[in-house]
Amino acid sequence: MSRNKIGDFCTFCLGIVLIGVLVQSAGALKGDRLVFPGVDEILRAFLRLIATPRTYALIWTTMKHLMVSLLVSTLIGVMLGIAQGMIPFVRSLLRPLMIMLRSLPMVILIVIVMVIVDYARVPVIASSIILIPMISEAACEGCLRIDRELIDVYRLNADFNPRVLFSVYLPLMAGYLRQAYVNAVGMGVKLAVSTEYLVQTRDSLGKAVHMSGYFNEYQDIYAYALVMILLVLLLSEGPMWFGRAVKRLWNK
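Residues numbered from 1 in each chain as written. Predicted model: local features only at pLDDT ≥ 70, side-chain atom pairs only at ≥ 80, totals over all residues. Heavy atoms only, no water.

J.: Give me the lowdown on unusual backbone geometry, citing residues and values where you can.
T.: Excluding glycine, most residues fall at negative phi; most peptide bonds, likewise, are trans. One non-glycine residue, Gln 200, adopts positive backbone phi at about 60°. Tracing the sequence through the fold places Gln 200 in the loop between helix H9 (174-199) and helix H10 (205-214). With phi around 60°, Asn 216 is a residue other than glycine that occupies positive phi space. Relative to the assigned elements, Asn 216 resides in the loop between H10 and helix H11 (218-251). With a relative accessible area of 40%, Asn 216 lands in the partly exposed category. (Helix = DSSP H or I, 4+ residues; strand = E, 2+ residues; numbered from the N terminus. Buried < 20%, exposed > 50% of the residue type's maximum accessible area, 1.4 Å probe, protein only.)

What follows is the structure, encoded as structure tokens:
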């Protein structure tokens, strides 16, 4: 491991310590150990949750909502983004809709979806609607940044088709889509848990957070927050770590 990586890891650890210091300081300033429990209480609650099988059932419910919403938003967002990047008319036509979806407060959108569809579908539908503009914007920007000479080369041989999409467009847009995926995972977890909280989805992290707040178990709320942070790190950074590990093994 290089010195730069060791330094980054140490700085990251210091950032975690800083979070603990901020929580402790907030508790001291507020003078309320119930709302701001000590770091030791939060860690004990976290370890207790990790050792409880039910916690993994809650995580799985939220993961299902997240994976389906990511799949739906990726398929729709990439298609819309490529259409916007290739056709100026479509880009201008959809721009007001994308601005509205990005600007609309999340709570309002979730309430609207709750009125329209069954509560069981709200976490997936609401999350997908909010994530689509994020992925669509990245796909559109990636499409616009493709070297026009490469586009002219494939046009000499064939029209736009699925082969061109998967062999030309998507590989050249990979950097933009990768960053959009990282952002979408973090946002998707927050959206899924928030919608589960509002619609009281059974056996989910959102429902667990609600029940912890109802019974004034704030140390569990912070512990669930740690679980969500680890979940985001695993889903966003895990594939990249795995890819780099496979690449190193392949080069050996």
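J.: Please set out the packing of helix H5 (residues 106-116) against helix H6 (residues 122-144) residue by residue, giving values where relevant.
T.: Viewed as axis vectors pointing N to C, H5 and H6 meet at an angle of 135°, and their least axial separation amounts to 10 Å. For the element pair H5 / H6, the angle class is oblique. In the packing of H5 onto H6, the handedness of the crossing is right-handed. Residues Met 106, Leu 109, Ile 110, Val 113 and Met 114 of H5 touch H6, and the partners they reach there are Val 122, Ile 125, Ala 126, Ile 129 and Ile 130. Its residues placed into classes, the contact of H5 with H6 shows 10 nonpolar, no polar and no charged. (Axes fitted to C-alpha atoms, helices over the stretch in contact; angles between N-to-C directions. Parallel < 35°, antiparallel > 145°, perpendicular 65-115°, else oblique. Left-handed = near helix turned anticlockwise from the far one by under 90°. Contact = heavy atoms within 4.5 Å. Nonpolar A, V, L, I, M, F, W, Y, C, P; charged D, E, K, R; others polar.)

J.: Now, about the packing of aromatic side chains: what can you tell me, with residues and values included?
T.: Applying the stated criterion across every chain yields a total of 1 aromatic pair. Geometrically, the ring pair formed by Tyr 214 and Phe 215 is edge-to-face, given 5.1 Å between the ring centres and 90° between the ring planes. (Phe/Tyr/Trp six-rings, centres within 6.5 Å; stacked < 30°, edge-to-face > 60°.)

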